[in-house]
Amino acid sequence: MSIPVSRDVQYILGNWKMAQSLRGAREFLRSWKAPEKEKQICTVYCSYPHLWPVLEAISQGVELLVGAQDVSSHKPGAFTGEVSAVQLAELNVGSCLVGHSERRQYFSESNELLKLKVEQLLAQKITPVFCIGENLEQRKSGKTLEVLAQQLDGFQSVLKNCVVAYEPVWAIGTGEVATLDQIQEAHQFLCEKTPGSPIVYGGSVKPENASEILGLPEVHGVLVGGASLKAESFFQIAAT
Ligand code: PGA
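Peer 1: How should the side chain of Ser73 be read in this particular structure?
Peer 2: Mapped onto the fold, Ser73 is located in the loop between strand 3 (65-68) and helix 3 (85-90). Not counting residues within four places of it along the chain, the set of residues in contact with Ser73 comprises Glu82, Leu113, Leu116, Lys117 and Gln120.

Peer 1: Help me understand the sheet that holds strand 2 (residues 40-46) in this model?
Peer 2: Whether parallel or antiparallel, the strands of a sheet pair through hydrogen bonds between backbone atoms. Ordered by their spatial adjacency, 8 strands build a closed barrel running 1-2-3-4-5-6-7-8, and the pairing between neighbours is parallel. The mean angle between the axes of side-by-side strands here comes to 25°, regardless of whether they run parallel or antiparallel. Direction of pairing for strand 2 relative to strand 3: parallel, over a ladder of 4 bridges. Among the inter-strand pairings, Cys46 is bridged to a residue of strand 3, identified as Ala68. Those strands touched by helix 2 (residues 48-59) are strand 2 and strand 3, and its axis lies near 165° from that of strand 3. Against the sheet, helix 10 (residues 231-239) touches strand 1 (10-15), strand 2 and strand 8 (221-224), its axis set at about 160° to strand 1.

Peer 1: Sorry, what's going on with the side chain of Ser197 here?
Peer 2: For Ser197, the position within the fold is in the loop between helix 8 (180-193) and strand 7 (199-202). Those residues in contact with Ser197 that sit more than four places away from it in its chain are Arg7, Leu159, Lys160, Cys162 and Val164.

Peer 1: What am I meant to see in the packing of helix 7 (residues 144-152) against helix 8 here?
Peer 2: Helices that pack against each other are described as a pair by the angle of their axes relative to one another and the distance between those axes. Close contact between helix 7 and helix 8 brings their axes to 11 Å; oriented N to C, the two are set at 35°. Relative to helix 8, the crossing made by helix 7 is right-handed. Between helix 7, through Leu145, Leu148, Ala149 and Leu152, and helix 8, the contact on the second element is made entirely by Glu185, Ala186, Phe189, Leu190 and Lys193. When its residues are assigned to classes, the contact of helix 7 with helix 8 shows 7 nonpolar, no polar and 2 charged.

What counts and how
Residues numbered from 1 in each chain as written. Predicted model: local features only at pLDDT ≥ 70, side-chain atom pairs only at ≥ 80, totals over all residues. Heavy atoms only, no water. Helix = DSSP H or I, 4+ residues; strand = E, 2+ residues; numbered from the N terminus. Contact = heavy atoms within 4.5 Å. Pairing = 2+ DSSP bridges. Axes fitted to C-alpha atoms, helices over the stretch in contact; angles between N-to-C directions. Left-handed = near helix turned anticlockwise from the far one by under 90°. Nonpolar A, V, L, I, M, F, W, Y, C, P; charged D, E, K, R; others polar.

Put into C-alpha cells, the structure is as follows:
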C-alpha cells in the first residue's frame, strides 16, 4: 500500500542505511512513540533483513511505517541477490528510496537505471522517494539548480507519484547542514519544476535544526540519516 503523495502531509523519514543493527532496530521499536500530529507520516527505511521485524512490530501496534532503501530494476526472475518491487509489495512496504546519493556515487546508478526502478515500484503501487542533490564542486561552481534539473530530466511523467528528497551531497553525514536560504532556493525551484510532488530536505538534520528547516514554506518534510537511528532523536525531530 503506497504512502500518500501530497504537499499537505509532513514526511518524517529515517534512513537507517547499513548503520542499524538488529538489536538497535528492536530498541528503536521498543521506545518509539509517534507524536500525535495529524497529517504526518513517520517512516524508517531499513535494510532488507530488518523489514520483517519492523513489520511485525507495526502489526503489534507500533505507530510507524517502514520502507526499503533500494529495489531491483528487474521484474521477478533469475537475478541473484536482488529484491523485486513485487516482493516488497508482498510485505506491504509502502515506499522505497531511489537514487540516494550513496547509490549514485558508490554503485554508479544512472538516471536510466533509476527510471526503471521507479517504474517497477509504481507498477506495485509503492511510492518512490526520489533522491537528488548536488555535490560540493557543483555547488561551488554555481551549478546547483542546473544539476537538480538534470537529475529530474526524464522523470516528469512519474514525479506526480513520487516524494522528492533534496539532499545536497556535501551535507550528508558531514554535520554540515545547508543554510536556510540554500534550502529555500532549491525547494522553491523544485516545487516549480515538479507537478505537486512534496519536497523533503535531507543532510545532517537533527533535533537542533529540524524546527527551522521544517518551518520553511516549501519544505514538506525531512529525510534523516544519523539522527534517525535512535527513537529519541527521531521522535524529537518528528515532534518539532
Ligand atoms: P544524514 O543522512 O542525516 O546522516 O546526513 C541523510 C541521508 O543520507 O539521507
